[in-house]
Amino acid sequence: MTDLTTRAERNKQLVLDFQRECMHQQNWESIDRYLSPDLVVHLPRGAVGAGRDSAFSWFLECTEWFTSHGIEVKMMLADEDTVFQLIELHFEHTGEYLGMPPTGRRFSIPGLAAFKVRDGLITDHWGLYEMDGIPEVLGMPGGAGRPG
């Protein structure tokens, strides 16, 4: 195995471990092992501020709305410093979301995720997720707008 292949495999494992341990199991005390202090989350403008602490606050806010039931990785590619995934996120609506009280409904969101890795930590995250369909899945009249 070449050094490039080894780094790519290590980076894929880092992302998978972060998703399982922090995002799904919500083991927040281990977040420093995965995310760089200067993490940049490239989501719609204003959704998440710069830095690991802002990302952590965003993750916590999301857990107030939804409980994770896993991340299904449909495809994953990596090179020496980037990991790309085609994923499906599985949730249950367990908290108030856009004014809608918890329904207990389970749903899935397909998406694309990319991560930049430097010195064994995730430094950047890009995500494109089908969030616009959530209000309809939850039975909200007219499908309300996005949070934030």
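As a starting point, this report considers the structure included with it. (Residues numbered from 1 in each chain as written. Predicted model: local features only at pLDDT ≥ 70, side-chain atom pairs only at ≥ 80, totals over all residues. Heavy atoms only, no water.)

1. Here we look at the side chain of D124
In this fold, D124 is placed in strand β5 (residues 121-129). Among buried Asp, Glu, Lys and Arg side chains, D124 stands out as unpaired, with R118 the closest opposite charge at 5.7 Å. For D124, the side chain forms a polar contact with the side chain of H42, separated by 2.8 Å. Sequence-distant contacts of D124, that is, excluding residues within four places in its chain, are made with L39, V40, H42, A114, F115 and K116. (Helix = DSSP H or I, 4+ residues; strand = E, 2+ residues; numbered from the N terminus. Buried < 20%, exposed > 50% of the residue type's maximum accessible area, 1.4 Å probe, protein only. Lys, Arg positive; Asp, Glu negative; His and termini not counted. Salt bridge = Lys/Arg side-chain N within 4 Å of Asp/Glu carboxyl O. Polar contact = N/O pair within 3.5 Å; in protein donor to acceptor, adjacent residues only side chain to side chain. Contact = heavy atoms within 4.5 Å.)

2. Digging into the sheet that holds strand β1 (residues 35-42)
In space, the five strands of this open sheet follow the order β1-β5-β4-β3-β2, with mixed pairing throughout. Each end of this open sheet is capped by a strand with a single partner; those strands are β1 and β2 (66-78). Pairwise comparison of adjacent strand axes, ignoring direction, gives a mean angle of 25° for this sheet. One ladder, built from 11 bridges, connects strand β3 (residues 82-93) with strand β4 (residues 106-118); its direction is antiparallel. Residue pairing for β4: L86 is matched across the bridge by L112. (Pairing = 2+ DSSP bridges. Axes fitted to C-alpha atoms, helices over the stretch in contact; angles between N-to-C directions.)

3. A few points about the pairing of β2
Strand residues, when the strand is regular, have side chains that alternate between the two faces of the sheet. Pairing of β2 with β3, which is carried by 10 bridges, proceeds in the antiparallel orientation. Opposite F66, over in β3, you have H93 as the bridge partner.

4. Some remarks on the nonpolar core
Membership of the largest hydrophobic core comes to 33 residues, with the highest contact counts inside it found for F18, L35, F59, F66, I122 and L138. Elements with a contribution of two residues or more to this core: α1 (3-24), β1, α2 (52-65), β2, β3, β4 and β5. Take this core: its biggest share by element is five residues, from β4. Those residues in contact with F18 that sit more than four places away from it in its chain are M23, I31, Y34, L35, F59 and I122. (Core = buried A, V, L, I, M, F, W, Y, C linked by side-chain atoms within 4.5 Å.)

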